[in-house]
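# Residue-level structure breakdown
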Amino acid sequence: MTDFLAENELFTLRNRFKRDAELLLQGISDDGEEKSKEEKDVKPLPRINTHSVFWILASVGLTYYVDFFNVILENTDIKSWWFGVGLTLLGLCIVLAAFCIVYLEWCKGIQHYDQEYPAIPPITTAAFIAASCSFNIALWPVWSFFTPLILFTQFMGVVMFISLLG
C-alpha cells in the first residue's frame, strides 16, 4: 500500500513539473494568462530621475562656482591652439549628430542609421575623445588637476539635460 501511495505522489509531482515546464516554454503564467509583447519588453526609465537631476545640478553648481564662462572667455592662461582644436572637433561631433538626427532620422526616416552608415559612430566617438583631450590640455593651466573633473561634470550635465528634452 505504501508503495502505491509513493508511486502516486511521484506521478502527481512529475505531472505538475511537466505542466509548469510547458507553461514556461509557452510563455504563459500560472493563472493561464498569456504575457503580451509589451509586458515582456523592458520599460525605459522615466526622463526625470535622481540621476539626471544630480548631474544637471552638479553641472550648474560647478559652472557657478568656478565661473566657467567668464574663465573661458577672459582667461589668458588657456592654450588657445588646443582650445581651437577642441572646438573644431566638438563642432564635428555636433554636425555628425545633427546629420544623424535631423537628416537621416527626421527627413529620410532611417531609424538605424548606424547600419546604413557604419562609419559615423566610430568617427564621432574618436572626434569626441580627441576633443575632450584637447580641452583638458587647453584648460589645464587654469584648473590644474581639477580640469578633467570639471569637464566631465559639465559633459554629464549637458548629456542629462539633452536626455530630458527627448
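Calculation criteria
Residues numbered from 1 in each chain as written. Predicted model: local features only at pLDDT ≥ 70, side-chain atom pairs only at ≥ 80, totals over all residues. Heavy atoms only, no water. Helix = DSSP H or I, 4+ residues; strand = E, 2+ residues; numbered from the N terminus. Buried < 20%, exposed > 50% of the residue type's maximum accessible area, 1.4 Å probe, protein only. Expected span 1.5 Å × (residues − 1). Arc of directions from axis to C-beta. Axes fitted to C-alpha atoms, helices over the stretch in contact; angles between N-to-C directions. Parallel < 35°, antiparallel > 145°, perpendicular 65-115°, else oblique. Left-handed = near helix turned anticlockwise from the far one by under 90°. Contact = heavy atoms within 4.5 Å.

### Describing the environment of Ser 132
- By secondary structure assignment, the location of Ser 132 is in helix H7 (residues 120-143).
- Classification of Ser 132 by relative accessible area gives partly exposed; the value is 27%.

### Regarding helix H3 (residues 50-65)
- Spanning 16 residues, H3 covers 22 Å between terminal C-alpha atoms, matching the ideal 22 Å at 1.5 Å per step.
- Along H3, the positions that sit buried rather than exposed are Ser 52, Trp 55, Ile 56, Ser 59, Leu 62 and Thr 63. Down the axis, H3 shows its buried residues gathered within 135° of arc, on one side only. Residues of H3 that are exposed and angled more than 90 degrees away from the buried face: Thr 50, Phe 54, Leu 57, Tyr 64 and Tyr 65.
- Residue Asp 67 follows H3 closely and has a positive phi angle near 50°.

### Observations regarding the packing of helix H5 (residues 80-107) against H7
- Contact pair H5 / H7: the axes reach a minimum separation of 8 Å and the direction vectors enclose 155°. When the axis of H5 is compared with that of H7, the two are roughly antiparallel. Here the hand of the crossing between H5 and H7 comes out left-handed. Taking contact as the criterion, the partners of Trp 82, Phe 83, Val 85, Gly 86, Leu 87, Leu 89, Leu 90, Leu 92, Cys 93, Leu 96, Phe 99 and Cys 100 in H5 are, on H7, Ile 120, Ile 123, Thr 124, Ala 127, Phe 128, Ala 130, Ala 131, Ser 134, Phe 135, Ile 137, Ala 138 and Leu 139.

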